[in-house]
Amino acid sequence: MQFADPQEARDFLEQNPAVRSIELMLIDANGIPRGKLLHRDELLAIFENGRPLPSSILSLTIQGEDVEASGLVWEVADADCWTFPIPGSLTLQPWRAVPTGQVQVSMHPTQGLPATPGDPRHVLARTIDRLKADGFHPVMAVELEFYLLDKNRDASGRPQPALQANGVRPQAPQVYGVYELEQLQPFLDDLYAACEAQGLPVRTAISEYAPGQVELTLEHRFDALRAVDEGVRYKRLVKGVANKHGLIACFMAKPFGDLAGSGMHMHVSLADEQGNNLMASEDPHGTPLLRHAIGGMMATLNDALAIFCPNANSYRRFQANSYAPLAKSWGVNNRTVSFRVPGGPAKSRHVEHRICGADANPYLAAAAILAGIHKGIREQIEPGEPIVGNGYEQARETLPTDWLTALRTLEQSAWAKEAFGEEFLKIFLAIKWEEFRQFVSEVGEQDWRWYLTHA
């Protein structure tokens, strides 16, 4: 695990004398940034000697409550565990009212014990290393959809899309609407400026398939860990810029039962050490390597579903004709399948993984995808024939659509224990089972399955 050079901190402090505070953040199992707001005088010491955070910081529910069954709370005395900064993560937060910095940290492999096994970034780093050891360098990009919501709820207490610049609240989907993007110009201008300040490669903005729903694409990276780091920081940035504009950026998988859900599409290919795409082919269906990669992702999909869809709300997204996939399926230039091979020139051939909700932890989702790909390559798993036409009408083996089944499958999976590590899986499942129990207690034993599709 590579950590940042202290010279980064010296340069930052010299170039930003007005900065008085720095947000230190660690990403937990749910993908939530946790950490502290530090004074500038503390920054250099963090780069030189690290910064301790309590072991329990990686054993929290989505509500920020301790999960004792994780083994990271009382039985280890909520011990201090040392974190160190990630290279290139020290930036400004341009949306703040006063100049503020931001630095992302990760647990040290040894000084971070006993919390290190619970760090999701380590899970992805190990998965990438295993692929590289076999000569495969993953190339990835993260693509997130989200809703811009009003801070005030409607008369019924429901969330509602934010007002446009013209004072009108959007009601129609207006997918790909350019006028709708124009109405978001103040927000988008600040978002692009903040991404530029943080070095995030944000590109195309799209008005998505619901009022107030937006997507911006991130450019792919030869360094897959960097690509996912950027996806995590982009999500933090979007929330910050939205807050500056008096809005809420919502990354729930399905905030509205009658509107489109929000996904996190992950684009992936494999390259050699020189960066040449090993999936490149004039055939739109790709190389045997590409097909084996899809076969592996299909074979491990059920085992990893609780990673891709980690919350009760996640399963409401799976509805026919909703642009969310329903089955183990693949196809070329087809948005009705789970694994889409986009069109384009031969050198750009790759797979778009369309299962994840926007609520998934990008580190864990990427690790599951790459571990599935690795299995497919090692075992030369064939994905079957690609779907041509409407994948919803041709769904053969549909996905489980409830949280309980997904959690049980993950818990029993030998592949998952190998892919994520038994220690991490123990911590993750302890957190998710606690959240599941809380959810059932709130909605009732008889009603929770109904809630997932109707509430």
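What counts, and where the lines are drawn
Residues numbered from 1 in each chain as written. Predicted model: local features only at pLDDT ≥ 70, side-chain atom pairs only at ≥ 80, totals over all residues. Heavy atoms only, no water. Axes fitted to C-alpha atoms, helices over the stretch in contact; angles between N-to-C directions. Helix = DSSP H or I, 4+ residues; strand = E, 2+ residues; numbered from the N terminus. Left-handed = near helix turned anticlockwise from the far one by under 90°. Contact = heavy atoms within 4.5 Å. Nonpolar A, V, L, I, M, F, W, Y, C, P; charged D, E, K, R; others polar. Buried < 20%, exposed > 50% of the residue type's maximum accessible area, 1.4 Å probe, protein only. Pairing = 2+ DSSP bridges. Core = buried A, V, L, I, M, F, W, Y, C linked by side-chain atoms within 4.5 Å. Phe/Tyr/Trp six-rings, centres within 6.5 Å; stacked < 30°, edge-to-face > 60°. Patch = residues over 30% accessible without salt bridge, like charges linked within 9 Å, V, L, I, M, F, W, Y side chains within 5 Å. Areas by Shrake-Rupley, 256 points an atom, 1.4 Å probe, with all protein chains shown as cover. Salt bridge = Lys/Arg side-chain N within 4 Å of Asp/Glu carboxyl O. Domains from an automatic or database assignment. Buried area = accessible area lost by both parts, 1.4 Å probe.

Section: the packing of helix α6 (residues 224-244) against helix α9 (residues 362-379)
For step 1, the next point in the chain: Contact pair α6 / α9: the axes reach a minimum separation of 9 Å and the direction vectors enclose 150 degrees. In terms of crossing hand, the pair formed by α6 and α9 is right-handed. Side by side, α6 and α9 meet where L225, V228, D229 and V232 of the first sit next to P362, Y363 and A366 of the second.
For step 2, the next point in the chain: The residue inventory of the contact of α6 with α9, partitioned by class, reads six nonpolar, no polar and one charged.

Brief notes about the pairing of strand β11 (residues 264-271)
The side chains of a regular strand alternate, residue by residue, between the two faces of the sheet.
For step 1, the next point in the chain: Within β11, eight of the eight residues are buried, leaving the element largely enclosed by the surrounding structure.
For step 2, the next point in the chain: Burial along β11 is two-sided: the face carrying M264, M266, V268 and L270 and the face carrying H265, H267, S269 and A271 are both buried.
For step 3, the next point in the chain: The pairing of strand β7 (residues 137-150) with β11 spans eight bridges and is classified as antiparallel. Bridge assignment links V142 to a residue of β11, and that residue is M266.

Brief notes about the nonpolar core
For step 1, the next point in the chain: Among the nonpolar cores identified, the biggest contains 127 residues, and F146, Y234, F308 and F420 are the most heavily contacted of them.
For step 2, the next point in the chain: Core analysis: the second largest hydrophobic core is formed by six residues, Y147, A210, F256 and A260 among them.

Comments concerning the packing of aromatic side chains
For step 1, the next point in the chain: Considering all chains together, one arrives at ten aromatic pairs under this definition.
For step 2, the next point in the chain: Ring geometry for W403 against F439: centres 6.0 Å apart, planes inclined by 65 degrees, an arrangement best described as edge-to-face. Taken together, the positions of W403 in helix α10 (residues 403-412) and F439 in helix α12 (residues 422-443) put the pair 36 residues apart, joining distant regions of the chain. Both residues of the pair, W403 and F439, count as buried.
For step 3, the next point in the chain: Every member of this aromatic cluster is reached through a ring pair, and the members are W403, W433, F436 and F439.

Description of a nonpolar patch on the surface
For step 1, the next point in the chain: On the surface, V175, Y176, Y209 and Y323 cluster together into a nonpolar patch covering about 420 Å² of accessible area.
For step 2, the next point in the chain: Along the chain, the position of Y209 falls in the loop between β8 (202-207) and β9 (213-218).

Re the domain arrangement of the protein chain
For step 1, the next point in the chain: What the domain assignment reports for the protein chain is domain 1 (6-118) and domain 2 (127-442).
For step 2, the next point in the chain: With centres defined by C-alpha atoms, the gap from domain 1 to domain 2 works out at 25 Å.
For step 3, the next point in the chain: Together, the buried faces of domain 1 and domain 2 total about 2,300 Å²; carbon and sulfur atoms form 59% of this surface.
For step 4, the next point in the chain: Area buried by domain 1 at its contact with domain 2 is led by A29, W95 and P117, which between them contribute 27% of it.
For step 5, the next point in the chain: Counting across the domain 1 and domain 2 interface gives one salt bridge.
For step 6, the next point in the chain: A salt bridge links E23 to R236, with the shortest nitrogen-to-oxygen separation between them at 2.9 Å.

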